[in-house]
Amino acid sequence: MLFYQRPTSSFFLLTLTFVLLLSSFININASDPASSEDDSDDLEQLLALDEQEDQLQQDQESISRFSEAEVLSKAQRIVLELNSDNSKRVIDENEFVLLLGYAPWCVRSAELMPHFAEAATSLKELGSPIVMAKLDAERYPKVASLLDIKGFPTLLLFVNGTPQAYTGGFSAEEMVIWARKKTGVPVIRISAVNEAEDFLKKYHMFVIGFFEKFGGSDYEAFVKAATADNEIQFAETNNIEVAKVLYPDIKATNFLGIVKNEPERYTAYEGTFEMENILQFLDYNKFPLVTKLTELNSVRVYSSPVKLQVYVFAKADDFKALLEPLQNIARKFITKVMFVYIDIMDENLSKPFLTLFGLEESKNTLVTAFDNKGTSKYLLQSDPTPTNIEEFSSGLLDGSISTYFKSQPIPDNNNASVLAVVGKTFDDLVLSSPKNVLLEVYTPWCINCETTSKQVEKLAKHFKGLDDLVFAKIDASANEHPKLQVNDYPSLFLYKAGEKDNPIKLSTKSGSKELAAFINKQVRPKDQAAKDEL
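The rules behind each value
- Residues numbered from 1 in each chain as written.
- Predicted model: local features only at pLDDT ≥ 70, side-chain atom pairs only at ≥ 80, totals over all residues.
- Heavy atoms only, no water.
- Helix = DSSP H or I, 4+ residues; strand = E, 2+ residues; numbered from the N terminus.
- Buried < 20%, exposed > 50% of the residue type's maximum accessible area, 1.4 Å probe, protein only.
- Contact = heavy atoms within 4.5 Å.
- Areas by Shrake-Rupley, 256 points an atom, 1.4 Å probe, with all protein chains shown as cover.
- Disulfide = S-S within 2.5 Å.
- Salt bridge = Lys/Arg side-chain N within 4 Å of Asp/Glu carboxyl O.
- Phe/Tyr/Trp six-rings, centres within 6.5 Å; stacked < 30°, edge-to-face > 60°.
- Lys NZ or Arg CZ within 6 Å of the ring centre and 35° of its normal.

1. A look at the overall build of the protein chain
- The secondary structure content of the protein chain amounts to 17 helices and 20 strands.
- Residues classed as buried in the protein chain amount to 42% of the 534 residues present.
- Considering only residue pairs separated by 6 or more positions, the protein chain has 69% of its internal contacts joining residues 24 or more positions apart.
- Carbon and sulfur atoms form 51% of the exposed surface of the protein chain, whose accessible area is close to 29,600 Å².

2. Remarks on the state of the cysteines
- Inspection of every chain in the model, using the stated rule, returns one disulfide.
- Paired by a disulfide, C446 and C449 hold their sulfur atoms 2.3 Å apart. Judged by the torsion about the S-S bond (95°), the C446/C449 disulfide is right-handed.

3. With respect to the pattern of salt bridges
- A full pass over the atoms with the stated rule returns 20 salt bridges.
- Among the ionic pairs, K377 bridges to E480, the shortest N-O distance being 2.7 Å. On the criterion of sequence distance, the pair formed by K377 in strand β15 (residues 376–379) and E480 in the loop between β18 (469–475) and β19 (491–495) is long-range, its members being 103 residues apart.
- For E480, a relative accessible area of 22% corresponds to the partly exposed category.

4. Some words on the packing of aromatic side chains
- Using the criterion set out here, one finds 29 aromatic pairs in the structure.
- Measuring from centroid to centroid gives 3.8 Å for F319 and Y341, while their planes differ by 10°, and the two rings are stacked. Highlighted residues: F319 in helix α12 (residues 316–331) and Y341 in strand β13 (residues 338–343), separated in sequence by 22 residues. As far as the burial class goes, F319 and Y341 line up, both buried.
- In textbook terms, an aromatic cluster arises when at least three aromatic residues are bridged by ring pairs, as seen for F211, F214, Y219, F222, F234, Y269, F273 and F281.
- For the cation-ring pair, R189 lies above F214, with the distance from its terminal atom to the ring centre recorded as 3.8 Å.

Pasting the structure below:
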């Protein structure tokens with residue numbers, strides 16, 4: 001396999017110089033051998049300089065890669081590898097053990113491992129008593145079972161041998177914060193300006209508490225909130241100069257604020273100092289203006305108390321131009337609407353959402369929304385411009401936009417014995433139709449649907465002469481309607497003329513003859529009813 005290095009600026013300079021020298025050689029003194037030798041020397045010097053520059057660049061890249069690998073290797077060595085022989089001893093002999101149960105084939109385990117190793121390094125540097133350990137649960141299934149590791153990855157904190165579920169975030173910083181809080185350091189006290197400056201370099205998000213004295217009911221509520229919270233580092237100070245390094249707008253004591261490393265950097269708490277109120281404030285304000293969804297933060301996003309959520313799906317390059325306008329929009333809806341970005345090219349994250357809208361194959365920028373208090377979903381059906389996104393978000397907040405129900409394109413039903421119904425035609429062909437409608441609800445993945453479909457085709461032919469009876473079918477995996485709520489497939493419903501709000505559900509276990517008799521009884525006038533046989 002051949003590898004081609006991208007031409008450097010020196011390469012283009014050399015090419016230009018060569019052309020100029022060659023032109024001079026031809027036009028000025030083509031027969032002068034001394035001039036030719038000088039030009040040759042110049043070219044050799046340029047070539048040598050270019051080779052030196054390329055070699056220096058390659059050496060620097062190699063050193064950088066080696067340094068990163070060395071740091072990661074060192075961090076991973078700090079993490080103890082448990083096995084059948086040492087697991088019980090390590091957990092029993094240490095007060096605190098944070099254990100990562102993983103499987104070598106698990107993608108999320110692989111993503112988490114470097115963050116876990118980095119957290120182990122940070123905790124060791126901080127002098128934390130916690131032992132960081134990992135267990136290959138696939139290689140040692142009996143040990144995994146004894147330690148209650150049931151999925152991958154699993155994080156458990158053992159305190160004097162007793163396991164506790166891990167409830168923190170999954171970045172190295174979040175794991176360090178959680179581990180320190182659970183081992184007795186819920187708040188970091190900062191006394192000097194240089195300490196505050198160092199603190200700012202370490203944490204991208206934190207809560208600052210400024211108190212005249214470290215005591216009293218307000219301070220106690222602050223500490224209780226710090227202990228109960230699982231994600232954010234709390235810091236405290238009684239020095240106004242220190243406080244202003246961390247939060248420049250502090251003007252009075254008994255102050256609490258959250259600081260984030262993003263455009264909306266500072267948010268002050270204005271409520272009473274009670275633990276529950278403080279925690280609620282953090283829940284509503286801890287996310288950035290626009291959150292990028294990842295495998296590691298997805299659970300936190302879904303469980304946010306901000307239930308109205310706008311999702312923007314876009315390619316990474318396309319989203320760069322949209323980010324700043326989207327942040328400006330998000331400022332207007334803080335604590336009311338959450339804004340989330342998903343890379344549309346990341347199918348593991350984007351496809352499950354887009355499938356809900358029947359848009360799983362789309363690669364263009366899309367804007368959707370969810371009301372997580374219920375099951376409602378919404379789709380921006382105009383161009384995703386900042387103006388349209390803001391109007392869409394306002395409509396989501398005030399309830400003026402319509403819930404989205406996915407639908408396949410309207411099919412051609414000419415000469416069809418069983419009409420194909422889609423979301424867009426459900427009203428016209430079923431609910432608003434003056435005729436009786438027998439509807440089959442199916443999905444492509446349903447095992448028994450094919451048998452029922454054949455029965456419906458047979459029934460449609462049998463009742464072909466009955467003008468006021470229509471047979472129809474709908475693919476529930478690709479079409480939705482607010483008045484079609486079905487959980488089991490296949491399902492058969494008879495929508496009788498004049499009684500469309502109360503469809504009759506038929507048993508799909510019945511034979512064709514039984515179904516024909518039932519239909520005949522329901523739709524034919526009594527004086528014309530006769531026993532139907534197929």
